[in-house]
Amino acid sequence: MNSRIIAKAVFACLLWGSAFAGAKIGFEYAPPIYLSGLRFTLAGLLLVPVMQARHIRFGPALRHWKFMLLFAFLQTFLQYGLFFMGLDQVPGATAAIIIGGGPLFVAVMAHFTLRNDPMTWRKITAIALGLAGVVFISLAKGELTSDAPGFYGGVALLLLSNLVGGSTNILVVKRKQAISPVALTSFANFTGGTMLLITSFIVEKPELKIYPPEFYVALVWLAIIPAAGFSIWYNLLQKPGVKVSELNMLKFVIPVTGAVLSWLLLPGEKPDWISVTGILIITLSLLTLQLPEQKFNAFFRKGGKRTQRPGDAANGARRD
């Protein structure tokens, strides 16, 4: 990946990482599914003037309405529905580790579904380091286990959320150039957000009232994040030569951003050596990801032979 693609991907991850602080403010006033429904519905509407300014028409995209409806159901409604149901059953630290493992799920799925995106030792090392960094940051947040009866069910729901999230990335790659990423993001956010709102009115029965100004500030920011973040992300996934597994490994930036912004913006949050260690390990993971495959393998040559790709002993590791 070139530096411009990496910069755009990191920017999207920085946006997503900032959602932790905004969500903590929003959850003080509204239940989680209701807040998410408001957030994504508003995010879809925010992209309408962007589409008009960029002369992007919905007409051509709606020719793929079946795919877009499936995508909205998976990417917004099901993924985040599973996430919030799972989050309600497990400690926050456990949830952070499982969701932080998203790049691993994407890499494995890409290995089996995309011909040009095989698993390699460099990717495995980068993922392992990234997961280790997420674990360190999560350890600073609290307990990893719980005696609650729904703990293991909650873990299963979070794992399913990761699988659904990975599958949506694969779907976008396989539909390259078919649908405008901005139109797809707008439709998925608005439609999925509406599904979440309907679910919230049935399950959570939120109270409709006027909230303090800080709630609306947080809500608008939380809506801007998926509107901009997913538009950028899906655009990058459609670019030639971009590997979905390597792009998703940059998501290890998200917990780093969340930790740093929490220290800066939220009272009572401050740096600790466990979190800082996690950030340093994630930095090493991202540096490993940027090494060319051939140079990485050179560190692990044995007997003059280059390290082989996992599951492919017949072929040498390819140059990136």
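Residues numbered from 1 in each chain as written. Predicted model: local features only at pLDDT ≥ 70, side-chain atom pairs only at ≥ 80, totals over all residues. Heavy atoms only, no water.

With that settled, the discussion passes to empty space enclosed by the protein. Counting across every chain of the model gives 2 cavities of 30 Å³ or more. Every residue lining the second largest cavity is listed: Phe67, Val172, Arg175, Ile179, Leu184 and Gln238. Looking at side-chain class alone, the lining of the second largest cavity contains 4 nonpolar, 1 polar and 1 charged residues. (1 Å grid on protein atoms, 1.4 Å probe; cavity = no way out; pocket = protein on both sides within 12 Å on 5 of 7 lines; lining within 4 Å. Points joined across faces, edges and corners; volume = space filled by probe spheres on them. Nonpolar A, V, L, I, M, F, W, Y, C, P; charged D, E, K, R; others polar.)

Applying the stated criterion across every chain yields a total of 12 aromatic pairs. Measuring from ring centre to ring centre gives 5.4 Å for Phe71 and Tyr234, while their planes differ by 75°; the resulting arrangement is edge-to-face. Of this pair, Phe71 sits in helix H5 (residues 65-87) while Tyr234 sits in helix H11 (residues 213-237), placing them 163 residues apart in sequence. With centroids separated by 6.3 Å and ring planes inclined at 65°, the aromatic side chains of Tyr211 and Tyr216 adopt a geometry described as edge-to-face. Looking at Tyr211, the relative accessible area reads 8%, which means it is buried. Put simply, the rings of Trp16, Phe67, Phe71, Phe230, Trp233 and Tyr234 touch in pairs and so form one group of aromatic residues. (Phe/Tyr/Trp six-rings, centres within 6.5 Å; stacked < 30°, edge-to-face > 60°. Helix = DSSP H or I, 4+ residues; strand = E, 2+ residues; numbered from the N terminus. Buried < 20%, exposed > 50% of the residue type's maximum accessible area, 1.4 Å probe, protein only.)

As a further point, take the nonpolar core. Formed by 71 residues in total, the largest nonpolar core has its most connected members in Trp16, Leu184, Trp233, Tyr234, Leu237, Val244 and Leu247. Here this core takes 11 residues from H11, the largest share from any one element. Those residues in contact with Leu247, other than ones at most four positions away along the chain, are Met1, Ile5, Ala9, Trp233, Leu236, Leu237 and Val242. Membership of the second largest hydrophobic core comes to 5 residues, among which are Val90, Phe151, Val155 and Leu158. (Core = buried A, V, L, I, M, F, W, Y, C linked by side-chain atoms within 4.5 Å. Contact = heavy atoms within 4.5 Å.)

For the structure on display, the rule yields 2 salt bridges. Among the salt bridges present, the one from Glu246 reaches Arg122, with a minimum N-O distance of 2.6 Å. Here Glu246, found in helix H12 (residues 244-249), pairs with Arg122, found in helix H8 (residues 121-139); they are 124 residues apart in sequence, far enough to count as distant. You'll find Glu246 and Arg122 in the same group, each marked buried. (Salt bridge = Lys/Arg side-chain N within 4 Å of Asp/Glu carboxyl O.)

Turning next to a nonpolar patch on the surface. A cluster of nonpolar side chains, namely Leu46, Val220, Trp221 and Ile224, defines an oily patch on the protein surface of about 300 Å² accessible area. Ranked by residue count, the leading element in the nonpolar patch is H11, at 3 residues. If you trace the backbone, Trp221 turns up in helix H11. (Patch = residues over 30% accessible without salt bridge, like charges linked within 9 Å, V, L, I, M, F, W, Y side chains within 5 Å. Areas by Shrake-Rupley, 256 points an atom, 1.4 Å probe, with all protein chains shown as cover.)

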